[in-house]
Amino acid sequence: MTVFILVSGVFTGAHVWEDAAARLAAAGAEVHAVALSGLGKPRGAAGLGIDLETHIADVLAVIDSVGAAAGRESREIVLVGHDYGIHPVLGAADRRAERITRIVYLDAGMPQDGAPALAAVPDQSLREQLAERAGAGGPVGAEGAVGELPPPARDEWPRWGSTAGVPDAALDRLTALAAPQPLGTLLQPLRLTGAAAAVPTTGVLCTGNGASIEMVQMWVGFGDPALQALTDPRVTFFELPTGHWPMLSCPAELAEVLLRAAAGEGHRLEPADAAEPSAHLRPFLLDLPELPRERTGNVDLYLPDAEGPRPAVVFVHGGPLPAGARPTPRDWPTLMGYARYAAGQGVVGVTLDHRLHDVADYERAAADVAAAVGMVRADPRVDADRVALWFFSGGGLLTADWLGAPPAWLRCLAATYPVLAPLPNWGLAGSRFHPADAVADAGALPIVLTRAGLEMPEIAATVEEFMAAAKNCGADGANLEVVDVPNGHHGFESLDPTDESREAVHRAMRSVLAHLTA
């Protein structure tokens, strides 16, 4: 018999699992929804002095109770951790690894040894506030921190994850039954010996919260060693087209996925060292001649065969990307291809490496881009009054600064399969990196937007948000040009080397160059 032990996230108790647990039980499984200490009662009732070790002990008690009642019957224990719940799940699995058949990460991060749950809080401003609060109160020791984090009001739940799909009545109940989160549970580091590393795992990704299998596969393809374990055959993945609370928005679908996960089903990722190169390292779709390249620091210049100061196009790669990814983006075929194409048309093509390695890095990445632009404009071979910026993928959020206050020398801003609003699980809703808000101040700045028709839905939604905002502020065909690639994927220049894709690249480049030379 399969035994599911369900562990909920911040502010919540066993009640969130009721519908999904009933469906699992109806399918013949044994189900235990863990009541984490201090989280079983509504506002004002949580205990103080509770930390992560307390919650690990709560999960261990349930595991041990299953073992004590098992007798001779074989029981396969599947631990399911939602959100914060993955921390006590991993802590318990590390101490009872021989008893656990599978660990399910339900729209949860991948915490490592020594990391506190605070590091996974999506809202960066809240994360910083809590870190400061912890620092003011002294270090968190073995007895945990004294204090609580008040639960969110009804309209504040999106700070903790998308509520897409959650019925109003369920959101009302979630709010009414929410309990303060003991701060020690968020601040105390998770300690792991590695014993649970051999336990098979399943990731259940909620696409409405900004995660997808395609996105994880893309990250694996960048070569980050820390992610290669996800390609182990014992690791599987599922997607649910909903927000961060699938037990409330689609309990039947969640129960089905958990049953399939317990049976070892699910999608398996391809390793980065497979025979076929990763998408970002495949050849550019245009056959272009080699051109001189000058490298200074983190910036490369592709120089045209032309006299006098020339306009320049600065190509800004996406992210977040693993810090250890090799080669770095400015040596990727697509970025080099665009820069060579621009140089072949008589303008300076510029690529750079910026430090967008985490969603918390947008400020330093923006500073890297600004510094590179300043260096390029200071080069005597560049016409400092005629520069275009061209952003790709997750680099699209960096357009916000330039849209919000476009300088006179910025003749055009281009974006190809960009992310144009923070994804729900990135915790950037209140930050300055929100192009869909900034476009209202773009004025007459020409914008060339290339859309992939087969884009990841979570990214396509941000483009639609941006276009709606642009339309509302009057950015119509006069200064917003949309280049569509109906049959193209994210990264179509290497994934889809078709005539349709080639024409899209040609059209976008023609438009950018026309604005540079007008």
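Counting of residues starts from 1 at the beginning of each chain's written sequence and follows it residue by residue. Two thresholds apply to this predicted model, a pLDDT of at least 70 for residue-level local features and 80 or more for giving and counting side-chain atom pairs, whereas whole-chain, interface and lining totals are computed over all residues. Hydrogens and water molecules were not included; the side-chain quantities draw on all heavy atoms of the structure.

1. Notes on the pattern of salt bridges
Item 1. For salt bridges, the criterion is a side-chain nitrogen of Lys or Arg within 4 Å of an Asp or Glu carboxyl oxygen. Taken as a whole, this structure holds 27 salt bridges when the rule is applied.
Item 2. With a shortest N-O distance of 2.9 Å, R295 and D331 are connected by a salt bridge. Here R295 is found in strand β9 (residues 293-296), whereas its partner D331 is found in the loop between β11 (310-316) and α10 (333-344), with 36 residues between them in sequence.
Item 3. Its salt-bridge partner being D383, residue R386 comes within 3.6 Å of it at the nearest N-O pair. Under the DSSP-based scheme used, a helix requires at least four consecutive residues in state H or I and a strand at least two consecutive residues in state E, with every element numbered from the N terminus.

2. Details of the sheet that holds strand β3 (residues 76-82)
Item 1. Across the sheet, which stays open at both edges, the six strands sit in the order β2-β1-β3-β4-β7-β8 with parallel pairing between neighbours. Edge strands, defined here as strands with exactly one partner in the open sheet, are β2 (30-33) and β8 (235-240). Neighbour-to-neighbour, the strand axes of the sheet open up by a mean angle of 20 degrees, direction not taken into account.
Item 2. Two strands pair under a simple rule: DSSP has to find at least two bridges between them. Across six bridges, the pairing between strand β7 (residues 201-206) and β8 is parallel. Counterpart to V204 in the pairing with β8 is F238.
Item 3. By definition in these notes, contact holds between two residues if any of their heavy atoms fall within 4.5 Å. In this analysis an axis means a line fitted to C-alpha atoms, helices contributing only their contacting stretch, and an angle means the value between N-to-C directions, from 0 to 180 degrees. Where helix α9 (residues 251-262) meets the sheet, it contacts β1 (2-7), β3, β4 (100-106), β7 and β8, and its direction lies at approximately 170 degrees from that of β8.

3. Description of helix α1 (residues 18-26)
Item 1. Each residue gets one of three labels from its accessible area relative to the maximum for its type: buried under 20%, exposed over 50%, partly exposed in between, using a 1.4 Å probe on protein chains only. Every buried residue belonging to α1 is among A20, A21 and L24, and all of these are buried. Buried residues of α1, viewed axially, fall in a sector of 100 degrees; they line one side.
Item 2. In this structure, the buried side of α1 is in contact with β1, β2 and α9. To obtain the arc, one takes the directions from the helix axis to the C-beta atoms.

4. Structural notes on α10
Item 1. Any helix carries an expected span of 1.5 Å times its number of residues minus one. End to end, α10 covers 16 Å across twelve residues, agreeing with the expected 16 Å (1.5 Å per residue, within 8%).
Item 2. The buried count for α10 comes to eleven of twelve residues, which makes it a mostly enclosed element.
Item 3. Positive phi shows up at G346, right after α10, with a value of about 95 degrees.

5. As for the layout of surface pockets
Item 1. Residues are called lining when one of their atoms sits within 4 Å of a cavity or pocket point, these points coming from a 1 Å grid over the protein atoms alone, where a cavity is a set in which a 1.4 Å probe fits but cannot get out and a pocket is an open set with protein on both sides within 12 Å along at least five of seven lines. Grid points are joined across faces, edges and corners, and a volume is the space filled by probe spheres set on the points. In this structure, the second largest pocket occupies an estimated 490 Å³ of space.
Item 2. What lines the second largest pocket is a set of 27 residues, and nearest its centre among them are G427, L428, A429, G430 and S431.
Item 3. Elements with a contribution of two residues or more to the lining of the second largest pocket: α4 (124-136) and α11 (362-378).
Item 4. The biggest single contributor to the lining of the second largest pocket is α4, with three residues.
Item 5. Under this grouping Gly is polar, as are all residues other than the nonpolar Ala, Val, Leu, Ile, Met, Phe, Trp, Tyr, Cys and Pro and the charged Asp, Glu, Lys and Arg. Split by residue class, the lining of the second largest pocket holds eleven nonpolar, eight polar and eight charged.

6. Some remarks on the confidence of the model for the chain
Item 1. Each residue carries a pLDDT value, the predictor's own confidence for that position, ranging from 0 to 100. In the predicted model, the chain carries a mean pLDDT of 91, and the fraction of residues at 70 or more is 93%.
Item 2. Considering only residues more than four positions removed or in separate chains, one finds that residues 138-145, a stretch of pLDDT under 50, has 13 contacts.

7. Quick notes on the pairing of strand β14 (residues 410-416)
Item 1. Here β14 lies mainly inside the structure; six of its seven residues are buried.
Item 2. By the bridge criterion, six bridges tie strand β13 (residues 382-392) to β14 in an arrangement that is parallel. Considered in β14, the bridge of V387 is made with L410.
Item 3. Crossover connection from β13 via helix α12 (residues 399-404) to parallel β14: handedness right-handed.
Item 4. As paired strands, β14 and strand β15 (residues 447-452) are joined by four bridges and run parallel to one another. Pairing of T416 across the sheet is with T450, part of β15. Note on handedness: a crossover is taken as right-handed if, strands pointing away from the viewer, the path from the first strand over the helix to the second is clockwise.

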